[in-house]
Amino acid sequence: MSDRKLNRSFGILQSFFLSANCAYFSFLVVYLSAMGYTEARIGLVMTLVSTVSVITPSILGYMADYVIPIKQIVLFMLLISIPLGFSLIFTVQILPLALVSIVLLGISERSMINVVDSWGMKIRLTHPGLNYGLTRGIASMAFALAALLLGRFYAARGIQMMFWVHALFLIVAVGAGFFLANVPTVGRKQDGHSYFQTIWLLLHDRTYVILLICMCLHGLSTVTVHTFRPMLIESMGGTSAHVGAALFIQAGSEAPVMLASAWFIRKFKVERLLILSFLFAALRLLATVIAPSLGWVIGVQVLQSIAYGLYLPVVLFYISLITRPEMRATAITLATSVGFGLSGILGNSLGGLLAQARGVRSVYFLFSALIFLAFILFLINTRLRREPV
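The shown structure was predicted, so the numbers you read here are calculated from the model rather than taken from an experiment. (Residues numbered from 1 in each chain as written. Predicted model: local features only at pLDDT ≥ 70, side-chain atom pairs only at ≥ 80, totals over all residues. Heavy atoms only, no water.)

1. A word on the overall build of the protein chain
Stage number 1. Helix and strand counts for the protein chain stand at 19 helices and 0 strands.
Stage number 2. Since a compact globule built from 389 residues should have a radius of gyration of about 21 Å, the 20 Å found for the protein chain is in line with a globular shape.
Stage number 3. A principal-axis box enclosing the C-alpha atoms of the protein chain has dimensions of 55 × 45 × 35 Å.
Stage number 4. When burial is assessed residue by residue, the protein chain has 60% of its 389 residues classed as buried.
Stage number 5. Of all intrachain contacts in the protein chain linking residues separated by at least 6 positions in sequence, the fraction that spans at least 24 positions is 87%.
Stage number 6. Put simply, the protein chain shows about 15400 Å² of open surface, and 69% of that area lies on carbon and sulfur atoms. (Helix = DSSP H or I, 4+ residues; strand = E, 2+ residues; numbered from the N terminus. Rg over C-alpha atoms; globule rule 2.2 N^0.38 Å. Buried < 20%, exposed > 50% of the residue type's maximum accessible area, 1.4 Å probe, protein only. Contact = heavy atoms within 4.5 Å. Areas by Shrake-Rupley, 256 points an atom, 1.4 Å probe, with all protein chains shown as cover.)

Structural data, given as structure tokens:
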């Protein structure tokens with residue numbers, strides 16, 4: 001496959017996959033709120049989604065390294081996500097069944113965010129013409145456009161339309177995935193590492209463990225975006241259209257930086273770029289909570305450009321530098337599942353209770369302080385490392 005076709009297929013997969021996530025998960029809080037769910041109950045739902053997002057990706061990443069080709073894993077999981085998405089319609093009024101529905105979709109779809117990233121890193125090993133920053137930047141622009149249009153569409157036609165849009169986007173993503181390379185597994189006999197042995201090796205690397213801690217703290221910014229920003233906007237009199245506009249600015253601002261990420265990585269030390277990303281993640285939350293109006297809340301999401309747009313390609317590249325190639329998918333999925341999943345468990349459970357007791361603004365102040373700790377920790381660790389990258 002030519003480089004142009006490769007980047008086009010991977011870009012379409014990422015674009016429609018992330019748009020499907022936007023269609024469902026970015027507006028899930030709005031839907032549950034419309035169905036009468038309280039802040040604490042919504043926090044419980046999102047905590048469970050985050051819990052499976054910690055456990056599942058690293059297992060799937062290990063399987064992609066050693067057992068089942070990653071293409072088969074991704075396409076199968078996305079296909080079963082289509083009927084699972086509709087199941088919430090029939091279970092939303094029965095909390096235990098609703099939780100099962102959402103958790104299963106969390107396993108089959110949310111967990112794939114990290115695995116799709118790993119697929120791109122694996123493809124690059126044999127097809128260096130794949131430009132991850134380019135395709136991911138295009139996907140962010142698609143996410144931004146989807147968020148803006150869907151926010152208005154749901155406000156006009158009803159939030160229940162999210163299930164149909166979600167299914168349509170996944171169908172297109174699966175279609176694009178069929179044209180991508182089926183990267184073979186390494187095979188467990190080649191290095192003899194079991195899943196737990198591989199995790200054990202990774203967790204005995206101090207640099208990797210420090211990164212995990214910082215990624216977990218940084219992940220609180222993602223928790224805030226998906227769970228607590230819709231609550232903040234609603235408390236200020238906003239609607240799903242305002243939620244969509246905030247998502248549009250957020251994703252639209254990260255796209256240009258992702259497109260230029262290869263240039264940033266060539267020009268600057270990777271660790272310095274990560275330090276900057278941690279700082280901007282804290283500043284983005286602080287700027288949002290002190291914003292005097294909805295317009296300002298939406299506008300300051302432009303800080304996402306550095307807080308996530310620079311962060312994601314750089315942190316994936318950094319993991320590739322500090323870990324062995326044969327366990328790269330496991331390393332990436334473990335790190336990203338901790339960074340987005342474990343932080344989701346802590347952030348949603350603690351934040352949900354805090355928002356119920358002290359208001360949603362208290363969540364923003366606490367999380368911005370915790371992310372600032374990641375900035376300090378990674379800065380100190382970088383200064384102590386003998387061989388900065």
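Picking up where we left off.
2. Details of helix α1 (residues 3-24)
Stage number 1. With 22 residues, α1 extends 32 Å between its outermost C-alpha atoms, agreeing within 8% with the 32 Å of an ideal straight helix rising 1.5 Å per residue.
Stage number 2. Burial of α1 is extensive: 16 of the 22 residues sit out of reach of the surface. (Expected span 1.5 Å × (residues − 1).)

3. What to know about the packing of helix α3 (residues 39-66) against helix α18 (residues 328-358)
Stage number 1. Running from N to C, α3 and α18 cross one another at 170°; their axes reach a closest spacing of 8 Å. Taken together, α3 and α18 sit at an angle that is classed as roughly antiparallel.
Stage number 2. Looking at the contact of α3 with α18 residue by residue, the class counts come to 9 nonpolar, 16 polar and 3 charged. (Axes fitted to C-alpha atoms, helices over the stretch in contact; angles between N-to-C directions. Parallel < 35°, antiparallel > 145°, perpendicular 65-115°, else oblique. Nonpolar A, V, L, I, M, F, W, Y, C, P; charged D, E, K, R; others polar.)

4. Some remarks on the packing of aromatic side chains
Stage number 1. Scanning the entire structure with this criterion turns up 15 aromatic pairs.
Stage number 2. Here a set of aromatic residues connected by ring pairs shows up, and it is made of Tyr 24, Phe 25, Tyr 31 and Phe 163.
Stage number 3. It is Arg 41 that lies over the ring of Tyr 37; its NZ or CZ is 5.5 Å from the centre.
Stage number 4. One residue, Arg 110, lies across the ring of Phe 25, its end atom 4.9 Å from the ring centre. (Phe/Tyr/Trp six-rings, centres within 6.5 Å; stacked < 30°, edge-to-face > 60°. Lys NZ or Arg CZ within 6 Å of the ring centre and 35° of its normal.)

5. Brief notes about a nonpolar patch on the surface
Stage number 1. A grouping of Leu 134, Ile 138, Met 141 and Leu 259 is seen on the molecular surface, where their side chains present a nonpolar patch of about 290 Å² in accessible area.
Stage number 2. In terms of residue count, helix α7 (residues 132-157) provides more of the nonpolar patch than any other element does, 3 residues in total.
Stage number 3. Among the secondary structure elements, Ile 138 is positioned in helix α7.
Stage number 4. Owing to a relative accessible area of 37%, Ile 138 belongs among the partly exposed residues under this scheme. (Patch = residues over 30% accessible without salt bridge, like charges linked within 9 Å, V, L, I, M, F, W, Y side chains within 5 Å. Salt bridge = Lys/Arg side-chain N within 4 Å of Asp/Glu carboxyl O.)

6. Regarding the side chain of Ser 101
Stage number 1. Locating Ser 101 in the fold gives a position in helix α5 (residues 95-110).
Stage number 2. In this structure Ser 101 comes out as buried when scored by relative accessible area, which is 4%.
Stage number 3. A distance of 3.3 Å separates a polar atom in the side chain of Ser 101 from the backbone nitrogen of Leu 88.
Stage number 4. Dropping the residues within four chain positions of it, Ser 101 is found in contact with Leu 84, Ser 87, Leu 88 and Thr 91. (Polar contact = N/O pair within 3.5 Å; in protein donor to acceptor, adjacent residues only side chain to side chain.)

7. Regarding the pattern of salt bridges
Stage number 1. Counted under the stated rule, the structure contains 1 salt bridge.
Stage number 2. A salt bridge links Arg 136 to Glu 254; the nearest nitrogen and oxygen atoms lie 3.8 Å apart. With Arg 136 in helix α7 and Glu 254 in helix α13 (residues 240-259), this residue pair connects regions lying 118 residues apart in the sequence.
Stage number 3. Given a relative accessible area of 6%, Arg 136 falls into the buried group.

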